[in-house]
Amino acid sequence: MDTTRSGSRVAEKDTRRGRKRVSFFTKIIEHFKLYWQLWVFVMPSILFVVIFAYVPMYGIQLAFKDFDFTKGLTGGRFVGWAYFEKFFNDPLFTEIITNTFRISLWTLVTGFIAPIILALLINQIGSAKIKGFVQTITYMPHFISTVVMVSILQIFLSPGTGLLGRFFGSTSLMGNPKAFAWIYWISEVWQHCGWNCIIYLAALSSVDLALYEAARIDGAGRLQLIRYVDIPTIMPTIGVLLILNMGSVLGVGFEKVWLMQNTLNVTASEVISTYTYRIGILDNQFSYSTAIGLFNSAVNFLFLVVANSIAKRTSNTSIF
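Sequence order as written defines the numbering, with residues in each chain counted from 1. Residues qualify for local features only when their pLDDT is at least 70, as the model is predicted, and side-chain atom pairs are given and counted only at 80 or more; totals for whole chains, interfaces and linings, by contrast, use all residues. Hydrogens and water molecules were not included; the side-chain quantities draw on all heavy atoms of the structure.

Let's talk about the packing of aromatic side chains
Stacked, edge-to-face and tilted labels apply to pairs of Phe, Tyr and Trp rings (six-membered ring for Trp) whose centres lie within 6.5 Å, assigned for plane angles under 30 degrees, over 60, and everything in between, in that order. Considering all chains together, one arrives at 23 aromatic pairs under this definition. Aromatic side chains Phe48 and Phe52 sit 4.9 Å apart centroid to centroid with 45° between the ring planes, which places their arrangement in the tilted category. In this pair, Phe48 and Phe52 both sit in helix H2 (residues 24-54), four residues apart, roughly one turn of the helix. The class of Phe52 is exposed, set by a relative accessible area of 57%. Taking the centre distance of 6.4 Å and the plane angle of 55° together, the rings of Phe93 and Phe295 count as tilted. You can see Phe93 sitting in helix H4 (residues 93-123) and its partner Phe295 sitting in helix H14 (residues 286-315), a full 202 residues away along the chain. Segments assigned H or I by DSSP are reported as helices when at least four residues long, segments assigned E as strands when at least two residues long, and all are numbered from the N terminus. Only protein chains enter the accessibility calculation, which uses a 1.4 Å probe. A residue is then buried if its area is under 20% of the maximum for its type, exposed if over 50%, and partly exposed in between.

Printed below as a string of structure tokens:
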């Protein structure tokens with residue numbers, strides 16, 4: 001027995017030594033030999049992300065320097081947190097942050113809940129042809145360009161002649177600061193609700209039909225099927241998408257806000273993205289605009305981490 005035990009111990013030691021002798025680079029080479037086809041397939045996407053997402057991060061240093069054209073991108077005097085302090089002390093800081101949060105948070109809430117409700121309703125349609133028709137009709141507005149979408153809003157809300165504007169007197173809703181956020185929210189939900197519900201419909205398609213049959217036998221109605229079968233099925237998907245959306249809380253779409261903005265509603269439509277464009281591109285204050293953009297990204301990242309931590313603790317759903 002002792003001889004057998006000692007022999008097994010020696011074999012284990014030899015196995016451990018053999019494992020240790022395999023270097024890290026050898027493992028990498030073996031891995032690429034086995035999966036090189038997959039790496040070739042995914043390499044264009046990796047290069048795209050590296051070139052257009054990570055390489056531009058080299059310019060973040062402009063937020064801490066007084067940019068000088070004659071000294072290149074890395075030149076200029078180091079000023080530390082001066083531009084961040086300038087932004088925090090800007091008289092428009094409170095107005096810009098308030099507008100950004102008001103537009104983005106309500107867009108996040110309405111734009112997140114509406115696709116879930118639409119997906120649950122479409123899933124209850126019995127006929128496959130009608131279901132496909134409704135789904136096609138609802139996601140088609142997603143392909144309307146931002147310029148065309150804003151033009152439609154201006155035509156519909158034109159005072160006196162617009163399809164909707166004629167009911168609001170001679171005052172243009174596009175120039176009303178109080179109505180700007182509402183117009184933005186409603187148009188965003190209408191345009192993207194059908195497209196965003198596709199992922200929930202895909203999750204609902206994986207539900208075992210036996211669950212519906214068992215629930216109907218127990219006397220469950222449509223609302224009970226949605227509550228006890230459909231919603232629990234898509235909860236993991238809801239959690240992941242909510243975390244991802246929280247990473248763009250302050251990322252209000254620049255194009256649409258900029259096109260909808262005018263001198264009458266600028267007090268309610270000036271957000272971080274438009275202010276950064278105005279300061280950086282129009283006024284040539286590149287360091288100042290870089291600092292504002294870095295602040296925006298840092299806040300979005302903070303929201304993402306907090307949302308991920310909360311979801312991980314409460315529902316065991318997270319992205320990292």
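Notes on the side chain of Ser289
On the secondary structure map, Ser289 appears in helix H14. Pairs of residues are marked as contacts when any of their non-hydrogen atoms sit within 4.5 Å. Ignoring any residue separated from it by four or fewer positions in sequence, one finds Ser289 in contact with Thr276, Ile279 and Gly280.

A word on the pattern of salt bridges
Oppositely charged side chains can pair when the atoms bearing their charge come close. Any carboxyl oxygen of Asp or Glu that lies within 4 Å of a side-chain nitrogen of Lys or Arg is treated as forming a salt bridge with it. Here the structure, examined in full by the defined rule, presents four salt bridges. Lys256 serves as the salt-bridge partner of Glu188, at 3.0 Å between the closest nitrogen and oxygen. With Glu188 in helix H7 (residues 177-196) and Lys256 in helix H11 (residues 254-260), this pair connects stretches of sequence that are 68 residues apart. Given the relative accessible area of 18%, Glu188 is considered buried.

Thoughts on helix H10 (residues 222-246)
One fewer than the residue count of a helix, multiplied by 1.5 Å, yields its expected span. Here H10 is 25 residues long, yet its end C-alpha atoms lie only 31 Å apart, well below the 36 Å a rise of 1.5 Å per residue gives. Throughout, the bend at a residue refers to the angle made by two axes, fitted to the seven residues ending there and to the seven starting there. Bending of H10 peaks at approximately 45° at the position of Ile231, with proline Pro232 no more than four residues after it. Buried within H10 are the following residues: Leu225, Ile226, Val229, Asp230, Ile234, Thr237, Ile238, Gly239, Leu241, Ile243 and Met246. In this structure, the buried side of H10 is in contact with H4, helix H8 (198-204), helix H9 (209-217) and H14.

Re unusual backbone geometry
Of note, the phi angle at Asn284 is positive, near 60°, even though the residue is not glycine. Note that Asn284 resides in the loop between helix H13 (272-282) and H14.

Things to note about the environment of Phe143
Relative to the helices and strands, Phe143 resides in the loop between helix H5 (128-139) and helix H6 (146-156). In sequence terms Phe143 and Phe84 are 59 residues apart; their C-alpha atoms lie 38 Å from each other.

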